[in-house]
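Descriptive analysis of the structure
Here's the letter readout for the chains.
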Protein chains: 2
Amino acid sequence: MIIQKSTNPRISTFDPDNFSFGNTFIDHMVICEYENGKWGDVKVMPYGGLPFSPAMMGVNYGQACFEGMKAYKDPNGDVFLFRPEKNFERINKSAKRLAMPEVTEEMFLDGLKALVDIDRAWIPQGEGMSLYIRPLIFATEEALKARISNKYMFAIVATPAKSYYTEPVSVLISDFYSRSANGGVGSAKAAGNYAASFYPTQLAIEQGYEQIIWTDDATHEYFEESGTMNVFVRINDTIYTPPTSEKILDGVTRDSFIQLAKKRGIEVKVEPIPVKTVIEAQKNGTLKEVWGVGTAVVTSVFQALGYKGEKLMLPSLPAEESFALALQKDLVNIQTNHAEDPFGWRVLVEKKIMETA
Amino acid sequence: MIIQKSTNPRISTFDPDNFSFGNTFIDHMVICEYENGKWGDVKVMPYGGLPFSPAMMGVNYGQACFEGMKAYKDPNGDVFLFRPEKNFERINKSAKRLAMPEVTEEMFLDGLKALVDIDRAWIPQGEGMSLYIRPLIFATEEALKARISNKYMFAIVATPAKSYYTEPVSVLISDFYSRSANGGVGSAKAAGNYAASFYPTQLAIEQGYEQIIWTDDATHEYFEESGTMNVFVRINDTIYTPPTSEKILDGVTRDSFIQLAKKRGIEVKVEPIPVKTVIEAQKNGTLKEVWGVGTAVVTSVFQALGYKGEKLMLPSLPAEESFALALQKDLVNIQTNHAEDPFGWRVLVEKKIMETA
Ligand SMILES: Cc1ncc(COP(=O)(O)O)c(C=O)c1O
Ligand SMILES: Cc1ncc(COP(=O)(O)O)c(C=O)c1O
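Residues numbered from 1 in each chain as written. Chains lettered and ligands numbered in written order. Predicted model: local features only at pLDDT ≥ 70, side-chain atom pairs only at ≥ 80, totals over all residues. Heavy atoms only, no water.

Another aspect to go through is the overall build of chain A. From N to C terminus, chain A includes eight helices and 20 strands. By the compact-globule yardstick of 21 Å for 357 residues, chain A fits well, its C-alpha radius of gyration being 21 Å. Dimensions of chain A, computed from C-alpha atoms along their principal axes, come out at roughly 65 × 50 × 35 Å. Here chain A has roughly 14,000 Å² of accessible surface; of this, 48% comes from carbon and sulfur atoms. Averaging the coordinates of the 37 positive side-chain charges in chain A and doing the same for the 45 negative ones gives two points 2 Å apart. (Helix = DSSP H or I, 4+ residues; strand = E, 2+ residues; numbered from the N terminus. Rg over C-alpha atoms; globule rule 2.2 N^0.38 Å. Areas by Shrake-Rupley, 256 points an atom, 1.4 Å probe, with all protein chains shown as cover. Lys, Arg positive; Asp, Glu negative; His and termini not counted. Charge placed at Lys NZ, Arg CZ, Asp CG, Glu CD.)

Below, the structure written as structure tokens:
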């Protein structure tokens, strides 16, 4: 690994109480280039622009995939990653589906730790605060031909993140738009999946909703995901989530919620969720909660479901009766080193670079 | 329009008899940047890299779409575009579906003409030669948040293109992978659609096929497209092509073929093509031709269809009996100014820049 420290760090200008999530970049980034069939050296270097032509295949053909993960700082100042090996596995699954070279553990996990280590001062401390980390792979060859690229860049960039607390939102159950096809790339974190969702989401927002519950494209009769989150439904005291498939992203938060629910003795059924079942449960009062889960906000609680022109309200449970909030708390406590970690999910980021540099 | 001529042109090194299509770039490119809700100046400038960070939304979320079109040089050295207004309409249709700002006629058509004009020396002359032109729009904002970008770049880059002559190919009728979902982005020239097709195409190549005939993702019972081309099927003396829809790209070549076929008095049916009908026609000898059409190669004739483990051969018609080749010839003659243009498809690129510069 090559480490080139910034000679012009911006950390002194960073105000952890006042910054814009997503647009504020830490001082460094990781890059690694692929050419002639192999990856080169992993480099930690100052964050910034690199020369790319508009003929770059990554923007022409969308041959690009990414991950989203977080680092948390505990009250002692120790920094932890959460299940990073899951993101490592998933980026390679995405890469495979997009005909891109897989990355190595050294590039992904060691690169991640080096970056978080060197820029640990950028990680805000306190409830809900974290560093949001974005590993990605994209095609860099300049070529105007729709074929597999011969050159790639693996990069890791990161931005400080604020409290994940969000107000309950209203979501629209899609009966026209969809995010994935049978035999498509829905289970990959493919760049193009996100752009495809912007316009339908915009239309939902214009109708007074915050997100879309994606349904299967052929019939729109089954729940798939919600926005960029996996979805859970609670009917009476059982929680349901659709099985992952080639159309549904295998979320790390989803998997963690399933394990945490089982640990609490909550019945979890991983099975297809018919829209009809949810609507009926809403009408007969057995529908208790519907929520989305993902790294960015952990849990987004839904207050209403839009369906065929109707806005169906969900009960507003007191916090102590909510499974969604209980599981969120269990997860956050593990992530931030406020609770035991019986699953071995936390990974300490050791202090190495600052001392040896 | 701002014109900044290259002070270091590479045209003297260009050998029209020996160059690599897609990797050889003409001396200039067009760019135009979008910020604060509006497009800036259109610039013609030397082709090359621009500083983009790996946090660029275009590569993270695939918010990017493109066009593919050609300029042809006739024996007198006059240069023509082919139906450029169709590509202009289509890039804006793609942009809308991907929640991107539409481009203006000045940016697209005038930018195109200025670029082709300034670099007309790069257009190889002779049968099948042309300049392949790539207009594209991509999100340039640096932000780690899956939402609509606030900044974009419109660019036009181009590469000389060789003879479109291709050997007949074998194509595999897909019974698992698909390129578009109901309610998805199949009818947009969205960057992500292309990356999604690479892996399935690779698998088809490993089975001895060159391309995939995409079928509907829900049942795989209907033809959609072939590779990155629209598809035509001839049974007896009638030609069939699927209607365009939100899943099928509205190809300029497809539309031109339909009009040219009608002009020749060939019966054209624009209707869904069941895989079963094609297979039956192959078995009973009424299937005469299957071919793909698109700007890149105009026509790609198929010699065999792979279906459920069988390789079904197509007749090898003498050239004078082939509708595919007759229509291809009609089209190429119009494109290259070797025939009358009753449709008004050709657009002359006037000599302006070289003289005034
Ligand atoms: C489409 C989609 N579904 C679900 C998720 C949740 O996955 P994770 O819990 O790994 O963040 C994400 C990522 O954030 C996503 O992009
Ligand atoms: C998916 C797809 N279908 C069809 C076509 C053919 O369109 P056109 O004839 O406008 O080149 C293209 C573009 O080349 C394409 O990318």
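Once that is clear, we can look at empty space enclosed by the protein. Across all of its chains, the model carries three cavities of 30 Å³ or more by this definition. By volume, the largest cavity amounts to about 310 Å³. Forming the walls of the largest cavity are 28 residues, and the residues nearest its centre are Arg 179, Val 185 and Asn 193 of chain A together with Val 185 and Asn 193 of chain B. Taken together, the residues of the lining of the largest cavity sort by class into twelve nonpolar, 13 polar and three charged. Looking at the second largest cavity, its volume works out to about 100 Å³. What lines the second largest cavity is simply Gly 68, Met 69, Lys 70, Tyr 72, Phe 82, Asn 87, Val 252, Thr 253, Thr 295, Leu 331 and Gln 335 of chain B. (1 Å grid on protein atoms, 1.4 Å probe; cavity = no way out; pocket = protein on both sides within 12 Å on 5 of 7 lines; lining within 4 Å. Points joined across faces, edges and corners; volume = space filled by probe spheres on them. Nonpolar A, V, L, I, M, F, W, Y, C, P; charged D, E, K, R; others polar.)

Scanning the model with the defined rule gives 37 aromatic pairs over all chains in all. Taken together, a centroid distance of 6.2 Å and an interplanar angle of 90° make the contact between Tyr 177 of chain A and Tyr 199 of chain A edge-to-face. Remark: Tyr 199 of chain A occurs in helix α4 (residues 191–206) and Tyr 177 of chain A occurs in the loop between β11 (169–173) and α4; sequence separation between them is 22 residues. Neither residue differs from the other here; Tyr 177 of chain A and Tyr 199 of chain A are each classed as buried. Taking the ring centre of Phe 323 of chain B as reference, the NZ or CZ of Arg 234 of chain B above it sits at 3.6 Å. A cation over a ring is seen here: Lys 311 of chain B above Tyr 209 of chain B, with NZ or CZ 4.9 Å from the ring centre. (Phe/Tyr/Trp six-rings, centres within 6.5 Å; stacked < 30°, edge-to-face > 60°. Buried < 20%, exposed > 50% of the residue type's maximum accessible area, 1.4 Å probe, protein only. Lys NZ or Arg CZ within 6 Å of the ring centre and 35° of its normal.)

This part is about the UniProt feature "modified residue: N6-(pyridoxal phosphate)lysine" (unreviewed entry) in chain A. Residue and element names in this part refer to chain A. The feature "modified residue: N6-(pyridoxal phosphate)lysine" (unreviewed entry), as given by UniProt, occupies Lys 189 in the numbering adopted here. Tracing the backbone shows Lys 189 in the loop between β11 and α4. Looking at Lys 189, the relative accessible area reads 11%, which means it is buried. Discounting chain neighbours no more than four positions away, the residues touching Lys 189 are Ala 64, Cys 65, Phe 66, Glu 67, Gly 68, Arg 90, Ser 94, Tyr 194 and Leu 249. (UniProt positions renumbered as here; feature names shortened; annotations may be inferred. Contact = heavy atoms within 4.5 Å.)

Right, let's talk about the packing of helix α2 (residues 84–97) of chain B against helix α3 (residues 105–118) of chain B for a bit. Residue and element names in this part refer to chain B. Packing of α2 against α3 brings their axes to within 10 Å, and their N-to-C directions diverge by 145°. In this structure, the crossing between α2 and α3 has a hand that is right-handed. Taking contact as the criterion, the partners of Pro 84, Glu 85, Asn 87, Phe 88 and Ile 91 in α2 are, on α3, Glu 105, Phe 108, Leu 109 and Leu 112. The class makeup of the residues in the contact of α2 with α3 is six nonpolar, one polar and two charged. (Axes fitted to C-alpha atoms, helices over the stretch in contact; angles between N-to-C directions. Left-handed = near helix turned anticlockwise from the far one by under 90°.)

Residue and element names in this part refer to chain A. Of all residues adjacent to ligand 1, which total 15 residues, the nearest are Lys 189, Tyr 194, Glu 225, Thr 253 and Thr 295. Contact distances for ligand 1 include 2.5 Å between an oxygen atom and a side-chain N or O atom of Thr 253. The protein chains hide 95% of the 390 Å² of surface that ligand 1 would expose on its own. Of all the secondary-structure elements, those providing two or more residues to the shell around ligand 1 are β14 (229–235), α5 (252–263) and β17 (287–294). (Near = heavy atom within 4 Å. Polar contact = N/O pair within 3.5 Å; in protein donor to acceptor, adjacent residues only side chain to side chain.)

This part takes up the pattern of salt bridges. All names here are of chain B. Under the counting rule described, the total for this entry stands at 26 salt bridges over all chains. A salt bridge links Arg 234 to Glu 289; the nearest nitrogen and oxygen atoms lie 2.7 Å apart. A residue pair is termed long-range when its members are at least 10 positions apart, and Arg 234 in strand β14 (residues 229–235) and Glu 289 in strand β17 (residues 287–294) qualify at 55 residues. Judged on exposure class, the residue Arg 234 and its partner Glu 289 are both buried. (Salt bridge = Lys/Arg side-chain N within 4 Å of Asp/Glu carboxyl O.)

At the interface, 64 residues of chain A touch 64 residues of chain B. When the area that chain A buries against chain B is broken down by residue, the three leading residues are Pro 54, Leu 144 and Phe 198 of chain A, summing to 15%. Scanning the region where chain A abuts chain B turns up zero salt bridges. Joining chain A to chain B, the criterion identifies 24 residue pairs in polar contact (both at pLDDT 80 or more). A total of nine residues in the side of chain A that touches chain B trace back to one element, the largest contributor, which is α4 of chain A. Classifying every residue of the side of chain A that touches chain B by side-chain character gives 38 nonpolar, 17 polar and nine charged. As paired elements, strand β5 (residues 50–52) of chain A and strand β5 (residues 50–52) of chain B share three bridges and run antiparallel to each other. By the bridge assignment, Phe 52 of chain A is partnered in β5 of chain B with Leu 50 of chain B. (Buried area = accessible area lost by both parts, 1.4 Å probe. Pairing = 2+ DSSP bridges.)

Residue and element names in this part refer to chain B. Taken together, 15 residues form the shell around ligand 2, and within it Tyr 194, Glu 225, Val 252, Thr 253 and Thr 295 come nearest. In the model, an oxygen atom of ligand 2 is placed 2.8 Å from a nitrogen or oxygen of the Arg 90 side chain. Burial of ligand 2 by the protein amounts to 95% of the accessible area it has alone, namely 390 Å². Along the lines of polarity and charge, the residues of the shell around ligand 2 split into five nonpolar, six polar and four charged.

Superposition of the two copies of the chain requires a rotation about an axis and a shift along the axis. The two copies are related by a screw operation: chain A maps onto chain B through 180° of rotation and 0.0 Å of translation along the axis, at an RMSD of 0.0 Å. Viewed as a symmetry operation, the transformation between the two copies matches a two-fold axis. Interface overlap between copies: 100% of the residues of chain A at the interface are likewise at the interface in chain B, consistent with a symmetric, same-surface contact. (Least-squares fit on C-alpha atoms with pLDDT ≥ 70 in both.)

Residues and elements named next belong to chain A. Taking burial as the measure, the eight residues of β17 include seven buried ones, the bulk of the element. Relative to strand β18 (residues 298–307), β17 runs antiparallel, the two sharing four bridges. Paired with Gly 294 across the strands is Val 298, a residue of β18. Hairpin remark: β17 followed by β18, antiparallel, with three residues in the connecting loop.

Here we take up a negative patch on the surface. A contiguous patch of negative charge, built from Asp 41, Glu 105, Glu 106 and Asp 110 of chain A, is present on the exposed surface. Within the secondary structure layout, Asp 41 of chain A lies in the loop between β3 (38–39) and β4 (43–46). (Patch = residues over 30% accessible without salt bridge, like charges linked within 9 Å, V, L, I, M, F, W, Y side chains within 5 Å.)

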